[in-house]
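An overview of the molecular structure
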Amino acid sequence: MKVAVFSSKSFDREYLAAANTATRHDLLFLEAALNEQTSRLAGGCLGVCVFVNDSLNRHVLKSLAGQGVRLVALRCAGFSNVDLSAADDLGMTVLRVPAYSPHAVAEHAVGLILSLNRKLHRAYARVREHNFSLEGLMGFDLCGRTVGIVGTGRIGAVVGQILTGFGCRILAFDPVENPDVLSLGAEYVSLDELARRSDIITLHCPLMQQTRHLVDEPFVERMKPGAMLINTSRGALIDTKVVVEGLKSGRIGYLGIDVYEEEDALFFRDLSDVVIQDDVFSRLQTFPNVLITAHQAFFTREALSNIAETTMQNMSVFESGDVPGAHRVRGEFAPSSTVVG
Ligand code: NAD
């Protein structure tokens, strides 16, 4: 089938083309992100293949459906950028890659924790300038610290495993308890209790109506003074303006983020010659205790290879008319979990 691959980078072309040698779909690689202005580029295609910051609101989906597009193949796990009820109304199938490498994201989250704690980002810059002073670089032992994991699905569970190895105590919050996480000796508690007791809080739940701005003013007020906050899930789990205030007051001691609520306008491109217009993002960059990566937690060879293979299989199975339930976005979560776009 012919598929327009939006937001495709060199690595997407490489891994998707390699996975396509057996399936032989006709892939039209487009650098443009999918939005109202670019949806027409999918003319003549039965499917579109999209990533996290492509916009699939009702308007875009209507335009795609009008051109004969029937499949949205997400090459990611999250689907908060797709208006699922509009896709349903238009008779479009939305498939995703539910799991590709929880280790990739979990290890990146732990990397942010280690870097922030031992100030590796600052040490690297200092040593390059031949500044070998240790002033301001003191960290703490992770062993014996309490880590709160919000969302103990595939990624959260691996984070729990890794940090248990460091000797951390694990608190967890999730509407569904994961036996693998319980077997680590983790304690499921309320979100309030997790906020109050954790030295480090790491977010691994999906973005939905009820998790949007999960980290809001009351949450930050409940946090242990000086605690660390990590978000590798979706940017809008955090109210960034509130977190900036928390950093200014010292209530939040460290912030590590791989995702940002307004990242669509920034991430996945080189803006080094451009004046950044986002003042909240620019403020975040001024803090010495903030470490930002640009949505790269998934970015390992293993993850890209798994994403590409599952995406190609999704297209083939859709073409054969036998859509895999496990990869279909609708019905994965309870009906109450309204996805926000
Ligand atoms: P998963 O579905 O395996 O786990 C999500 C967990 O969140 C589930 O256990 C679910 O019960 C729980 N949950 C649902 N509602 C919740 C709530 N209100 N409060 C707390 N927990 C809740 O998903 P996963 O594979 O572990 O991925 C987690 C998230 O990571 C994805 O939703 C995605 O947004 C993000 N992600 C980010 C990257 C990246 O590169 N930064 C890559 C992949 C995934």
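Bear in mind that the values here come from a model prediction, so they are computed numbers and not experimental data.

1. Topic: the pairing of strand S4 (residues 71-74)
Here S4 shows no split at all, with Leu71 and Ala73 on one side and Val72 and Leu74 on the other all buried. As paired strands, strand S3 (residues 47-50) and S4 are joined by four bridges and run parallel to one another. In the strand pairing of S4, Val50 is matched with Leu74. Taking the sense of rotation as the criterion, the β-α-β connection linking S3, helix H2 (residues 58-66) and S4 turns out right-handed. Sheet analysis places S4 next to strand S5 (residues 93-95), joined by three bridges and oriented parallel.

2. Examining the packing of helix H4 (residues 102-118) against helix H6 (residues 154-165)
H6 packs onto H4 with a crossing angle of 50 degrees between their chain directions and a minimal axis gap of 8 Å. Our classification of the angle between H4 and H6 gives oblique. Every pair of crossing elements has a handedness; the one defined by H4 and H6 is right-handed. Residues Pro102, His103, Val105, Ala106, Glu107, Ala109, Val110 and Ile113 of H4 pack against Arg154, Ile155, Val158, Val159, Ile162 and Leu163 of H6. A breakdown of the residues in the contact of H4 with H6 according to their chemical character gives eleven nonpolar, one polar and two charged.

3. A short note on the site of the ligand
Taken together, 23 residues form the shell around the ligand, and within it Tyr100, Arg154, Ile155, Asp174 and Thr232 come nearest. Between the ligand and the protein, one listed contact pairs an oxygen atom with a side-chain N or O atom of Asp174 at 2.6 Å. Within the contact set of the ligand, a nitrogen atom lies 2.9 Å away from a backbone nitrogen or oxygen of Thr232.

4. Things to note about the packing of helix H1 (residues 10-23) against helix H12 (residues 301-320)
Direction vectors running N to C along H1 and H12 enclose 45 degrees, while the axes themselves pass 9 Å from each other. Relative to H12, the element H1 lies oblique. The handedness of the crossing between H1 and H12 is right-handed. Note on element contacts: H12 touches H1 through Arg301, Leu304, Ser305, Ala308, Glu309, Thr311, Met312 and Ser316, opposite Phe11, Tyr15, Leu16, Ala19, Asn20 and Thr23.

5. Observations regarding the side chain of Asn53
Structurally, Asn53 can be placed in the loop between S3 and H2. Taking the relative accessible area as the measure of exposure, Asn53 reaches 18% and is therefore buried. Polar contacts involving the side chain of Asn53 include one to the side chain of Glu263, which spans 3.1 Å.

6. Some details on the confidence of the model for the chain
Any segment with low pLDDT has predicted coordinates that should not be analysed in fine detail. Averaged over all residues, the pLDDT of the chain equals 94, while 96% of them reach at least 70. Taken together, the stretch residues 331-341 has pLDDT below 50 and engages in 23 contacts with residues farther than four places along the chain or on a different chain.

7. Section: the sheet that holds strand S11 (residues 252-257)
One open sheet holds the seven strands; their spatial order is S8-S7-S6-S9-S10-S11-S12, and the pairing between them is parallel. Only two strands of the sheet have a single partner each, and these edge strands are strand S8 (187-188) and strand S12 (290-292). Pairing analysis gives four bridges linking strand S9 (residues 200-203) to strand S10 (residues 227-231), with the strands arranged parallel. Among the inter-strand pairings, Ile201 is bridged to a residue of S10, identified as Leu229. Along the sheet face, H6 touches strand S6 (146-150), strand S7 (169-173) and S9 and points at about 170 degrees away from the line of S6. Relative to S11, helix H10 (residues 240-249) is tilted by about 140 degrees, and along the sheet it contacts S10, S11 and S12.

8. A short note on the domain arrangement of the chain
Splitting the chain by domain gives domain 1 (2-100 + 301-333) and domain 2 (102-292). Computed over C-alpha atoms only, the centres of domain 1 and domain 2 are separated by 30 Å. In this complex, domain 1 contributes twelve residues to the contact, which on the side of domain 2 involves nine residues. Carbon and sulfur atoms supply 58% of the area that domain 1 and domain 2 bury against each other, a total of about 890 Å² over both sides. Run the count over domain 1 and domain 2 and you get zero salt bridges. Connecting domain 1 to domain 2 are two residue pairs in polar contact (both at pLDDT 80 or more). Grouping the amino acids of the side of domain 1 that touches domain 2 by side-chain chemistry returns seven nonpolar, three polar and two charged.

9. Here's the deal with the sheet that holds S3
Overall, parallel pairing links the five strands, which are arranged S2-S1-S3-S4-S5 in an open sheet. Among the strands making up the open sheet, the edge pair consists of strand S2 (26-29) and S5. Shown here is a sheet whose adjacent strand axes are inclined to one another by a mean of 20 degrees, direction ignored. Together, strand S1 (2-5) and S2 form the strand contacts of H1, whose direction differs from that of S2 by roughly 175 degrees.

Cut-off values and rules
Residues numbered from 1 in each chain as written. Predicted model: local features only at pLDDT ≥ 70, side-chain atom pairs only at ≥ 80, totals over all residues. Heavy atoms only, no water. Buried < 20%, exposed > 50% of the residue type's maximum accessible area, 1.4 Å probe, protein only. Helix = DSSP H or I, 4+ residues; strand = E, 2+ residues; numbered from the N terminus. Pairing = 2+ DSSP bridges. Right-handed = clockwise from strand over helix to strand, strands pointing away. Axes fitted to C-alpha atoms, helices over the stretch in contact; angles between N-to-C directions. Parallel < 35°, antiparallel > 145°, perpendicular 65-115°, else oblique. Left-handed = near helix turned anticlockwise from the far one by under 90°. Contact = heavy atoms within 4.5 Å. Nonpolar A, V, L, I, M, F, W, Y, C, P; charged D, E, K, R; others polar. Near = heavy atom within 4 Å. Polar contact = N/O pair within 3.5 Å; in protein donor to acceptor, adjacent residues only side chain to side chain. pLDDT = per-residue confidence, 0-100. Domains from an automatic or database assignment. Buried area = accessible area lost by both parts, 1.4 Å probe. Salt bridge = Lys/Arg side-chain N within 4 Å of Asp/Glu carboxyl O.

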